[in-house]
Amino acid sequence: MMTAPMTSIGQSILTLILLVPLAGAILVALVPDRFKLPNWIALLTTLATFVLTLHLPAHFISGQSGFQFEQNLPWIESPAIFYHVGVDGLSLWLVVLVGLLAPVGVIASWNAIQTRSKIFYSLFLIQQTAMFGVFVSLDLLLYYGFWELSLVPMAILIAMYGRKDGPRAALKFFLFTFIPSAPLLVAILWLYARTGTFNFTDLQYQTASGVLPAGALFWVALAFLFAFAVKVPVFPLHGWLADTYNEAPVALAMVVAGKLGLYSMLRFHVGLFSVQARAIAPLLIALAVIGILYGACLALVQRDFWRLMAFAALSHLSLIVLAIYGLTFLGWAGGVYQILSHGVVDGALFLLLGALELRYATSLIGSYGGLAAKLPRAASYFVIASLAMIGLPMLSGFIGEFLILSSTFAGVSRPWAVAATLGVILGAAYMLWLVQRLFYGPESALAVSKPSADLRFGELAVLTPLVVLMLVMGLAPSLWLNSIRAGVHPPPPPSPAAHASVILSDRSAAKGVEGSAGVFRIAGPTQPSPEAAR
C-alpha cells in the first residue's frame with residue numbers, strides 16, 4: 001500500500017505548523033511595541049506558517065485512506081496520553097484554511113489595532129496554534145487541551161478590543177462555550193476509564209464494537225454533541241453569536257464560529273458514536289433547517305452589518321449541519337467543501353467590512369450609500385464575495401450548496417431540502433440588499449462629508465488571492481474534492497436495503513456535478529488501528 005512520503009520535514013511537518021505560530025507569539029511578546037514590530041513579526045510568522053501548511057496538500061496521497069503525516073509519541077505515562085497528530089482528507093484543507101486566514105487577519109488588524117498591539121498579536125498567534133491543534137490531534141485529551149486553549153485568547157481579545165461593550169460580550173462568549181466543555185471532559189475521562197485509551201482510532205473501534213454499555217454511551221455522545229453544537233452554533237444555542245460578531249476584532253470574527261465545531265461533529269461525534277448520531281440525526285436535521293430559515297430572516301432585518309453577518313453565519317453554518325446529519329457521502333463532501341468556501345468568502349467580506357468601519361467609524365448600514373463611485377475597488381470585491389456567498393454558479397459557494405441540497409433531496413428528505421433551499425433564496429435577498437445599501441443608490445451624508453481612499457496595497461494584496469480562489473474553487477472543485485472524499489466516512493445505514501437505496505440516491509445526485517467535481521464513491525467505515533485489532 002502507498003504511504004505518504006515521510007522525508008525529515010514530512011515526519012515533523014505538523015509539529016512545525018503547531019510550533020511556528022507559538023514561537024512567533026513568544027517573540028512578539030518580547031519585542032518592544034514600536035515601529036509596528038509586533039505587526040511585522042505576526043505577518044511574517046503567519047506567512048511562514050501558511051507556506052508550511054501547503055506542504056500537506058503537495059505531498060498528500062489522495063487515494064490512500066487513513067491518516068498521513070502521523071506522529072505518535074508517548075507524552076504522559078499515567079494516564080496514557082500521547083502526542084498523536086495526523087491529517088486525512090477531512091482535516092487536510094481545514095489546516096490550510098486556518099493558515100490562509102491568519103495573514104488575512106493580520107492585514108485586517110494592521111491599522112485597526114492601535115494600542116497594546118503586542119498583546120493582540122501574541123494572543124492571536126496562540127489562537128492559531130490552538131486551532132491547528134484541534135484539527136490535527138488524534139489523542140482525545142490532547143484534542144481537549146487545544147479545544148480549551150482556543151477559547152481563552154478569543155475571550156481576552158474580545159474583552160480588550162470590543163467596540164462598545166467588549167467585557168460583556170466576552171463573558172457571554174466564554175460562558176456559552178466553556179460550560180459545555182465540562183461535560184465533554186467528563187465524557188472523555190469516562191471513555192478512558194472504560195477503554196484505557198485516548199487514541200481516536202482505538203476508541204472508534206471500541207465504541208462501534210458494542211462492548212461499551214449503550215445507555216452510558218448515549219449520554220457520552222450527548223456530552224460531545226452539546227459542546228460542539230454550542231461552538232458551531234446550532235439553533236437554539238446561538239445566543240452568544242451576534243454580540244460576539246458585533247464586538248470581536250475583525251481578525252477574530254473570521255474564526256469565531258463554525259470551523260472547530262463542525263469539524264468536531266464530523267470527527268468526534270459522528271466518527272466515534274455512529275449509532276447515537278444516527279438516532280439523533282432527525283432532530284439535528286430539523287434544528288438545522290430551522291436555523292437556516294431563522295438566521296436568514298433575522299439577517300434581513302438587521303441595521304448593523306456585523307449583526308447581519310452573524311445571523312448570515314448562523315444560516316450558512318446550519319446548512320452544513322444539515323449536510324453532516326444527513327449522513328450521506330455526497331452531503332459530507334459538500335459540507336466540508338462548504339466549510340472551506342465559507343472561510344474564504346467570510347474572510348474577504350470581514351476584511352472589506354472592517355475597512356469600511358475603519359474609514360467611516362460606523363457599522364450602521366443606514367449611514368452608508370453611494371460608495372461605489374468613491375471606492376470602486378472595494379465595491380467590485382464586495383460584489384464578487386457577496387455573489388460567492390449566495391452561491392452564484394462558477395463561484396465557490398455554489399459547489400457546496402449544490403452538493404448539500406441535492407444529497408438532502410435525493411437521500412434524506414425532500415421537504416427539508418425544499419425548506420433549506422428557501423433559506424438559500426433568502427440569503428441572496430439579504431446580501432444583495434446589503435450591497436445595494438452600502439455601495440449603490442444616492443450618496444449618503446457620511447459619504448459626502450467624509451471622503452476616504454479606496455483599498456490600499458496591503459488590502460488588495462490579500463483580497464485579490466481570495467477572490468481568485470473563489471473563482472478557482474467554483475470552476476475546479478475536484479482540486480479539493482479528490483482529497484476530501486478520502487477522509488469523509490458517514491456511517492452506513494442500519495439495513496442493507498436502506499444502504500443500497502442511499503448509494504443509488506447519492507450516485508444519481510452526483511451525476512449533476514460529475515463534470516466539475518469528479519465521480520464520488522461511497523466510503524466505508526474506517527478500519528481500527530493494528531493495536532485495536534489485536
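Residues numbered from 1 in each chain as written. Predicted model: local features only at pLDDT ≥ 70, side-chain atom pairs only at ≥ 80, totals over all residues. Heavy atoms only, no water.

**Describing the domain arrangement of the chain**
So, step 1. In terms of domain boundaries, the chain breaks down into domain 1 (1–272), domain 2 (280–482) and domain 3 (492–534).
So, step 2. Centre-to-centre separation of domain 1 and domain 2, based on C-alpha positions: 23 Å.
So, step 3. If you look at the interface, domain 1 gives 37 residues, while domain 2 gives 42 residues.
So, step 4. A combined buried area of about 3,500 Å² lies between domain 1 and domain 2, and 80% of that area is made up of carbon and sulfur atoms.
So, step 5. The interface formed by domain 1 and domain 2 includes one salt bridge.
So, step 6. Arginine 307 serves as the salt-bridge partner of aspartate 243, at 3.4 Å between the closest nitrogen and oxygen.
So, step 7. Secondary-structure elements contributing two or more residues to the side of domain 1 that touches domain 2 are helix H4 (92–109), helix H11 (214–231), helix H12 (241–247), helix H13 (250–253) and helix H14 (259–270). (Domains from an automatic or database assignment. Contact = heavy atoms within 4.5 Å. Buried area = accessible area lost by both parts, 1.4 Å probe. Salt bridge = Lys/Arg side-chain N within 4 Å of Asp/Glu carboxyl O. Helix = DSSP H or I, 4+ residues; strand = E, 2+ residues; numbered from the N terminus.)

**Section: the layout of surface pockets**
So, step 1. Roughly 580 Å³ of volume is contained in the second largest pocket.
So, step 2. As for the second largest pocket, its lining consists of 32 residues, and the residues nearest its centre are Ala108, Asn111, Ala112, Ile113 and Leu358.
So, step 3. Of all elements in the fold, only helix H2 (37–53), H4, helix H7 (151–161), H13, helix H17 (329–360) and helix H22 (457–475) reach the threshold of two or more residues within the lining of the second largest pocket.
So, step 4. Ranked by residue count, the leading element in the lining of the second largest pocket is H17, at five residues.
So, step 5. A breakdown of the residues in the lining of the second largest pocket according to their chemical character gives 16 nonpolar, nine polar and seven charged.
So, step 6. Counting contributing residues per domain, the lining of the second largest pocket is built from domain 1 (1–272) and domain 2 (280–482), each supplying no fewer than three. (1 Å grid on protein atoms, 1.4 Å probe; cavity = no way out; pocket = protein on both sides within 12 Å on 5 of 7 lines; lining within 4 Å. Points joined across faces, edges and corners; volume = space filled by probe spheres on them. Nonpolar A, V, L, I, M, F, W, Y, C, P; charged D, E, K, R; others polar.)

**Side note on the pattern of salt bridges**
So, step 1. Within this structure, the stated rule accounts for eight salt bridges.
So, step 2. Measuring nitrogen to oxygen at the nearest pair gives 2.7 Å for the salt bridge that ties aspartate 88 to arginine 267. Of the two residues, aspartate 88 sits in the loop between strand S2 (81–87) and H4 while arginine 267 sits in helix H14, which places them 179 residues apart along the sequence. Note on accessibility: aspartate 88 and arginine 267 belong to one class, buried.
So, step 3. Its salt-bridge partner being arginine 359, residue glutamate 459 comes within 3.1 Å of it at the nearest N-O pair. Linking glutamate 459 in helix H22 with arginine 359 in helix H17, this pair joins segments that are 100 residues apart in sequence. (Buried < 20%, exposed > 50% of the residue type's maximum accessible area, 1.4 Å probe, protein only.)

**A few points about the nonpolar core**
So, step 1. Phe224, Met265, Tyr325 and Leu438 are the most contacted members of the largest nonpolar core, which has 194 residues in total.
So, step 2. Considering each element in turn, this core owes the most residues, 19 residues, to H17.
So, step 3. Counting residues domain by domain, this core receives three or more from each of domain 1 (1–272) and domain 2 (280–482).
So, step 4. The contact partners of phenylalanine 224, leaving out residues within four places of it in the chain, are Leu140, Leu184, Ala187, Ile188, Leu191, Phe268, His269, Leu272 and Phe273. (Core = buried A, V, L, I, M, F, W, Y, C linked by side-chain atoms within 4.5 Å.)

**What about the environment of isoleucine 384?**
So, step 1. Mapped onto the elements, isoleucine 384 comes out in helix H18 (residues 376–389).
So, step 2. With 317 residues separating them in the primary sequence, isoleucine 384 and phenylalanine 67 have C-alpha atoms 36 Å apart.
So, step 3. Residues contacting isoleucine 384, with those up to four places away along its chain left out, are Leu395, Val467 and Met470.

**Looking at helix H15 (residues 274–300)**
So, step 1. Compared with the 39 Å implied by 1.5 Å per residue over 27 residues, the 37 Å span of H15 between its first and last C-alpha is a close match.
So, step 2. At alanine 281, H15 shows its largest kink, close to 50°, and the proline proline 282 lies no more than four residues downstream. (Expected span 1.5 Å × (residues − 1). Bend = angle between axes of the 7 residues up to and from the residue.)

**Some points on empty space enclosed by the protein**
So, step 1. Going through the model one piece at a time under the given rule, you end up with six cavities of 30 Å³ or more.
So, step 2. Taken as a whole, the largest cavity holds about 90 Å³ of empty space.
So, step 3. Surrounding the largest cavity, Ile292, Ser315, His316, Leu319, Met389, Ile390, Glu401, Gly423, Val424, Gly427, Ala428 and Met431 form its lining.
So, step 4. Put simply, the parts of the chain that give the lining of the largest cavity at least two residues each are helix H16 (305–326) and helix H20 (414–439).
So, step 5. For the lining of the largest cavity, the element with the most residues is H20, which contributes five residues.
So, step 6. A volume near 60 Å³ is recorded for the second largest cavity.
So, step 7. Taken together, His316, Gln338, Ser341, His342, Val345, Asp346, Ala388, Met389 and Gly397 make up the lining of the second largest cavity.
So, step 8. Looking at the lining of the second largest cavity, the elements with two or more residues in it are H17 and H18.

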